There are 2 protein chains.
Amino acid sequence: MSEYRLPTIKEIAKRLNVSVSTVSRALRDHPSIGLVTTMRVQNVAKELGYEVNRSAIHFKERKTYSIGVIIPNLSEPFFSSALTGIEDAVEANNYNVIIGQSLESFEREKRIVENMKDHRVDGILVSLTKETSSYEHFDGLKKYNIPVVFFDRIPSKKNINYVACNLVSGMLQAVTKLVSLGHKRIGLINGPAKLAATLQRLEIYYKCLKAHELQLDHEVIVSTSLSKADNRRAMTQLLDIAEPPTAVIVFNDYVLLDCIATVKARGLVINQDVSFISFANLPIWEYMDSVPLASIEQFAYQQSSMATDFLFQLIKHAGNPAGTEPPLLQHIIDSEMIEYTRTSGQ
Amino acid sequence: MSEYRLPTIKEIAKRLNVSVSTVSRALRDHPSIGLVTTMRVQNVAKELGYEVNRSAIHFKERKTYSIGVIIPNLSEPFFSSALTGIEDAVEANNYNVIIGQSLESFEREKRIVENMKDHRVDGILVSLTKETSSYEHFDGLKKYNIPVVFFDRIPSKKNINYVACNLVSGMLQAVTKLVSLGHKRIGLINGPAKLAATLQRLEIYYKCLKAHELQLDHEVIVSTSLSKADNRRAMTQLLDIAEPPTAVIVFNDYVLLDCIATVKARGLVINQDVSFISFANLPIWEYMDSVPLASIEQFAYQQSSMATDFLFQLIKHAGNPAGTEPPLLQHIIDSEMIEYTRTSGQ
DNA sequence: AATTTTAACGCAAACGGTTGCGCTAAATCA
DNA sequence: TGATTTAGCGCAACCGTTTGCGTTAAAATT
């Protein structure tokens, strides 16, 4: 049993006294093979339990029919649902997904890129590490004709393929809601400067304030390195201001969890003494006592599946004989505010 | 650029006027090639930026150097950290991980198995769907010499390779704690009968009660289909008993979240009117107002990395020339109780 | 000096399938 | 009926690497 080998087209050919090329074509319903021969071949193939050896084809076609996915952390719901989006988009194309978690480590991201290059994936989808600020490790891939599409956490660079999320739309909804509730002093707990998302959030913040003619006060803008301790420190910093903000926009739900704990530890009441708006839309709020007023959905699934479609376009293009330049595929989708109806949780 | 091709050993051979076999051996420091030749070959290889074509080797060796991982849902922290364990264990062997989420669908699980068989993975790691109760879709793999190792959610079958978690150890710790706190009437909210884990939890429950000489009352044993609504119904059922249990062992933390909400909706206080013990150890409790007394850690990372080691043993064995029967690799690791110190969350 | 050993390398097949081109015989055309 | 098209199939190269075996010349042995 250990020496069992799958039947090959050679054996089918031998059985029927035809050539391997005839078998090869017949199996794929090639028009230049007669109907009777095609039928006989396919019957014998079924009888023998023939299955095409993909490795042989991969080898000959110089393709692996697999794409690499590099993401920071699958334990984040955002990325795990992103992966589901990729899987679904890939299934139709009969491709395989090779996964690599960078775990927010730049070095690990580089290693994974190398490994995937070695394994000759046909393309790569990437969402960057928090640490990643240089992108040379992706440059090598272009030489090997391996297209790359970034999603969500994308490089701050021009000529790349990407799908990202426009946070303005969702945030404008949220700030509008805050203003309608009477809030005038809205703080911001932002992320580390390295992330493109951080700069983006800041710009959005400015836009929203301006849209509602609110006064800009740099005192209520703080930032966190995203560590638990620093999240708490940032929140504390805001609360210690002489006139603390009545509402705070927080980088994401993870940071918010720490902020809520900090506020509570002070004996303050969420959504009464201070209200929150956050990003990421974790699926946990419905179980929590204290929730933000709203969270901004960034559509992981949609981002990743569109990025996957982009990647397949590029892969298809790479297979073209002509040396035409590949297109630059870029798209930004709109975010949306998700409201949480509960008000207080004591 | 689009026609760019990587250098092959042929070109190195041509450059140096040696044969391809010499180059092949020299690149791998084969002893039968002279030192000078080896050096010259390796220098030219580096100069040309040579990289071995894995696809060619995969083809020739009839191996893909990739393993398949089939798990229900990456959005569950348990499975995402299991995947990390697999990745880490795999990295050392220069293998790739091909991922497939069954999303708790039996049909999808079958499809993924087929797909991975088609792609000739060298082995498969599986954690079963909740729906899965027949295992014929794995039988075909043995014929193709593709070893399978199950972990955590394993088939109720004898001659399989698996790593699972023994819940007795952790649960005994937990019940001992409950008893020491004065609890005498301990309920159980169990999972669906299909799951092996459900039967296991029931047996453990019996064992624990017997160990502490507590009275067994089937009235306080209910079960849930794991849906949100049914979780709440199960908890309500327990609270509606004339003499409700003062402590409840819950199938897992997800169910527990619903139970806690149900209890609170009744105006009861967690860890005062009713205490909980749960499984799975979600990383969310530290942010919650209401927490279980303890949760039982099932060591996803350790389970999966051991399962991966098992798989590599089997893969290695499959490569053996002799037709010797592969070993049966089975292991059960102990669970542990994780205590949560906070008492009440109002 | 004749023989055996050994070091160093080349030859060629093999892995399984695809594909451009050529060939033959039948069908179609003029 | 002779010339031309076409349907149906085979030949053989090719993809890149590995490996058993053969070959040659130098080194070691007797």
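Residues numbered from 1 in each chain as written. Chains lettered and ligands numbered in written order. Predicted model: local features only at pLDDT ≥ 70, side-chain atom pairs only at ≥ 80, totals over all residues. Heavy atoms only, no water.

Let's talk about the interface of chain A and chain B
Taken together, the contacts link 57 residues of chain A with 57 residues of chain B. Regarding the contact of chain A and chain B, the summed buried area is about 5100 Å², with carbon and sulfur atoms giving 44% of it. Looking only at chain A, the three residues that lose the most surface to chain B are His119, Arg120 and Tyr287 of chain A, adding up to 12% of its buried area. If you look at where chain A meets chain B, you find eight salt bridges. A salt bridge links Glu51 of chain A to Lys117 of chain B; the nearest nitrogen and oxygen atoms lie 3.6 Å apart. At the junction of chain A with chain B, the criterion picks out 17 residue pairs in polar contact (both at pLDDT 80 or more). Counting only elements with at least two residues in the side of chain A that touches chain B, the list comes to α4 (54-61), α5 (77-91), β2 (96-101), α6 (106-118) and α11 (253-265) of chain A. (Contact = heavy atoms within 4.5 Å. Buried area = accessible area lost by both parts, 1.4 Å probe. Salt bridge = Lys/Arg side-chain N within 4 Å of Asp/Glu carboxyl O. Polar contact = N/O pair within 3.5 Å; in protein donor to acceptor, adjacent residues only side chain to side chain. Helix = DSSP H or I, 4+ residues; strand = E, 2+ residues; numbered from the N terminus.)

Some points on helix α10 (residues 228-239) of chain B
An α-helical segment advances 3.6 residues per turn. Residues three or four places apart therefore align on the same side. Residues and elements named next belong to chain B. An ideal rise of 1.5 Å per residue puts 16 Å on twelve residues; α10 measures up with 17 Å between its terminal C-alpha atoms. Within the span of α10, buried status applies to Asp230, Asn231, Ala234, Met235, Leu238 and Leu239. The elements touched by buried residues of α10 are β6 (186-190), β7 (221-223), β8 (247-250), α11 (253-265) and β9 (275-279). (Expected span 1.5 Å × (residues − 1). Buried < 20%, exposed > 50% of the residue type's maximum accessible area, 1.4 Å probe, protein only.)

Describing the domain arrangement of chain A
Splitting chain A by domain gives domain 1 (9-52), domain 2 (64-164 + 300-333) and domain 3 (166-298). Just the C-alpha atoms count here: the centres of domain 1 of chain A and domain 3 of chain A sit 65 Å apart. (Domains from an automatic or database assignment.)

Quick word on the pattern of salt bridges
Overall, the coordinates contain 28 salt bridges over all chains when judged by the stated rule. Among the ionic pairs, Asp88 of chain B bridges to Arg108 of chain A, the shortest N-O distance being 3.2 Å. Taken together, the residues Asp88 of chain B in helix α5 (residues 77-91) and Arg108 of chain A in helix α6 connect one chain to another. Close ionic contact of Lys177 of chain A with Glu339 of chain A constitutes a salt bridge, the shortest N to O distance being 2.2 Å. On the criterion of sequence distance, the pair formed by Lys177 of chain A in helix α8 (residues 167-180) and Glu339 of chain A in strand β12 (residues 336-339) is long-range, its members being 162 residues apart. Here the salt bridges share partners, and the residues they tie into one network are Glu51 of chain A together with Glu114, Lys117 and Arg120 of chain B.

Re the packing of helix α2 (residues 20-27) of chain A against helix α3 (residues 35-48) of chain A
All names here are of chain A. Closest axis-to-axis distance for the α2/α3 pair is 9 Å, and the angle between their directions is 85 degrees. With respect to their mutual orientation, α2 and α3 come out roughly perpendicular. Judged by residue contacts, Thr22, Val23, Ala26 and Leu27 of α2 engage Thr37, Thr38, Val41, Gln42 and Ala45 from α3. Split into classes, the residues belonging to the contact of α2 with α3 amount to five nonpolar, four polar and no charged. (Axes fitted to C-alpha atoms, helices over the stretch in contact; angles between N-to-C directions. Parallel < 35°, antiparallel > 145°, perpendicular 65-115°, else oblique. Nonpolar A, V, L, I, M, F, W, Y, C, P; charged D, E, K, R; others polar.)

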